[in-house]
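The residues making up each chain are set out below.
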Amino acid sequence: QVQLVESGGGSVQTGGSLRLSCAASGRTFSDYAMGWFRQAPGKEREFVAAISSGGYNTAYSDSVKGRFTTSRDNAKSTVYLQMNSLKPEDMAVYYCAASIWGNLMERTAQVDHYDYWGQGTQVTITS
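Residues numbered from 1 in each chain as written. Predicted model: local features only at pLDDT ≥ 70, side-chain atom pairs only at ≥ 80, totals over all residues. Heavy atoms only, no water.

Caption draft 1: Main features of the nonpolar core. Ranked by internal contacts, the top residues of the largest apolar core, which has 28 residues, are Leu4, Met34, Leu81, Met83 and Tyr94. Listing elements by their share of this core, those giving two or more residues are strand E3 (18-24), strand E4 (33-39), strand E5 (46-51), strand E8 (78-83), strand E9 (92-99) and strand E11 (121-126). Among the nonpolar cores identified, the runner-up in size contains 5 residues, and Phe37, Phe47, Ala50 and Ala97 belong to it. (Core = buried A, V, L, I, M, F, W, Y, C linked by side-chain atoms within 4.5 Å. Buried < 20%, exposed > 50% of the residue type's maximum accessible area, 1.4 Å probe, protein only. Helix = DSSP H or I, 4+ residues; strand = E, 2+ residues; numbered from the N terminus.)

Structure below.
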């Protein structure tokens, strides 16, 4: 069983930046594609970004493309989400997730594609 722990959440003003981290247990982190999702109160969990197992390919939702960047350090078993130019609609609990499918594909953006999930970290946007 893979355990994922998000960190780096907090409160930031509109237009500001925040960097989230997701640390994974185990020795097979480099086998997994990693995804980022977010969920606002009363809303469904939505796809944000994903990165392939080797870190060579990334995918982003239209709402964050150009503002967010995901990266990974397989030696540290950690994936990152750099969030810039934050908007009020970015306010949510952010979750990282791991998929045993290392390559990115259409279903990479679907919740059901992922096998392991972290507990989430809160991102609050202020005016």
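Okay, back to it.
Caption draft 2: Structural detail: the pairing of E3. In terms of burial, E3 is a largely internal element, 5 of the 7 residues being buried. For strand E1 (residues 4-7) and E3, the ladder comprises 4 bridges, and the chain directions are antiparallel. Across the sheet, the residue bridging to Val5 is Ala23, located in E3. Bridging between E3 and E8 involves 6 bridges; their strand directions are antiparallel. Each bridged residue has a counterpart across the sheet, and for Cys22 the counterpart in E8 is Val79. (Pairing = 2+ DSSP bridges.)

Caption draft 3: A look at the environment of Ser30. Here Ser30 shows up in the loop between E3 and E4. With relative accessibility at 38%, the residue Ser30 sits in the partly exposed group. Distance from Ser30 to Pro88, taken between C-alpha atoms, is 33 Å for residues 58 residues apart in sequence. Here Ser30 is in contact with Ser53, Arg72 and Asn74, once residues within four sequence places are set aside. (Contact = heavy atoms within 4.5 Å.)

Caption draft 4: Structural detail: the packing of aromatic side chains. What the rule picks out here adds up to 5 aromatic pairs. Relative to Phe47, the ring of Phe37 has its centre 5.6 Å away and its plane inclined at 75°; by these criteria the two rings are edge-to-face. A residue pair is termed long-range when its members are at least 10 positions apart, and Phe37 in strand E4 and Phe47 in strand E5 qualify at 10 residues. Residues Phe37 and Phe47 agree in their burial class; the two are buried. A ring pair is formed by Phe37 and Tyr114, whose centres lie 5.2 Å apart and whose planes are at 80°; its orientation type is edge-to-face. A residue pair is termed long-range when its members are at least 10 positions apart, and Phe37 in strand E4 and Tyr114 in the loop between E9 and strand E10 (116-117) qualify at 77 residues. A relative accessible area of 0% means that Phe37 is categorised as buried. (Phe/Tyr/Trp six-rings, centres within 6.5 Å; stacked < 30°, edge-to-face > 60°.)

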